[in-house]
Amino acid sequence: FEGIARLPFAEAKERSVGLGAEVLMTGASGFLGLSMLDCMLTNKMGVGELGVETIHVLIRIPSEVPRTKIQEAGVDKLVRAASSFEITLDPSALNELVNIVPADAFQPRFGVSDFMWDNLSSRVKTVLNFACETDYSKRYADIREMWATNLVNLC
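Residues numbered from 1 in each chain as written. Predicted model: local features only at pLDDT ≥ 70, side-chain atom pairs only at ≥ 80, totals over all residues. Heavy atoms only, no water.

Colleague: Could you clarify how one ought to interpret the overall build of the protein in this entry?
Modeller: Helix and strand counts for the protein stand at seven helices and four strands. Seen in sequence order, the protein has helices and strands lined up from the N terminus as β-α-α-β-α-α-β-α-β-α-α. The buried share among the 155 residues of the protein stands at 41%. Partitioning the intrachain contacts of the protein with sequence separation of at least 6 by distance along the chain shows that 75% fall at a separation of at least 24. For the protein, the exposed surface amounts to about 9,000 Å²; the carbon and sulfur share of it is 52%. (Helix = DSSP H or I, 4+ residues; strand = E, 2+ residues; numbered from the N terminus. Buried < 20%, exposed > 50% of the residue type's maximum accessible area, 1.4 Å probe, protein only. Contact = heavy atoms within 4.5 Å. Areas by Shrake-Rupley, 256 points an atom, 1.4 Å probe, with all protein chains shown as cover.)

Now the structure itself:
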């Protein structure tokens, strides 16, 4: 991934404005989201300098996964997805920085409880949105309410 250093986020550590202690990320299991996580975990972005302490990752987790296993299941999903793009993510580094939030970007309020929604919207100051619809036959008007509107309302 020599080219990743040329992507705009590789310059973030030189900026004086921080992202905030808590960041929300959507689309973390796709190529762009995983690439960003890799940069943040390996400190290519200067995460400490940006003031990031926690990245809340919204990710689909099967409903049968017990509540006590959600973090483990989410980290495993990210590690497996990353390996398909030849990205190596360290599970222990993920567990230090990432909080897995079971969610669905295409459900109202990401499908999270009112408590979680209020909690995230009051604590998160930066949203890194890498979620997208991959069914290109859909019109924007068809997905706007369940996708883009969630982000606007959260902020």
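Alright, that's what it looks like, and here's the rest.
Colleague: What is the right way to read the packing of aromatic side chains from this model?
Modeller: Two aromatic rings, taken as a pair, are described by how far apart their centres are and by the angle between their planes. Enumeration according to the criterion identifies two aromatic pairs in this entry. On the basis of an interplanar angle of 65 degrees and a centroid distance of 5.5 Å, the ring pair of Phe-31 and Phe-85 is categorised as edge-to-face. A residue pair is termed long-range when its members are at least 10 positions apart, and Phe-31 in helix 1 (residues 31-41) and Phe-85 in the loop between helix 3 (70-84) and helix 4 (91-97) qualify at 54 residues. Exposure remark for Phe-31: the relative accessible area of 37% places this residue in the partly exposed category. Given a relative accessible area of 32%, Phe-85 falls into the partly exposed group. Where Phe-110 meets Trp-117, the ring centres are 5.9 Å apart and the plane angle is 35 degrees; that geometry is what we call tilted. Accessibility expressed as a relative area gives 3% for Phe-110, which makes it buried. (Phe/Tyr/Trp six-rings, centres within 6.5 Å; stacked < 30°, edge-to-face > 60°.)

Colleague: Is there a simple way to think about the nonpolar core in this case?
Modeller: Soluble globular proteins: nonpolar side chains tend toward being buried together. Residues Met-25, Leu-37, Met-40, Ile-55, Val-57, Leu-78 and Ile-100 are the most contacted members of the largest nonpolar core, which totals 24 residues. Looking at this core, the elements with two or more residues in it are strand 1 (22-26), helix 1, strand 2 (54-59), helix 3, helix 4 and strand 3 (98-102). A per-element tally of this core places helix 3 first, with five residues. Here Val-57 is in contact with Met-25, Ala-28, Leu-78, Val-98, Asn-99, Ile-100 and Val-101, once residues within four sequence places are set aside. Judged by nonpolar contacts, the second largest core, of twelve residues, contains Leu-58, Phe-106, Phe-110 and Leu-120. (Core = buried A, V, L, I, M, F, W, Y, C linked by side-chain atoms within 4.5 Å.)

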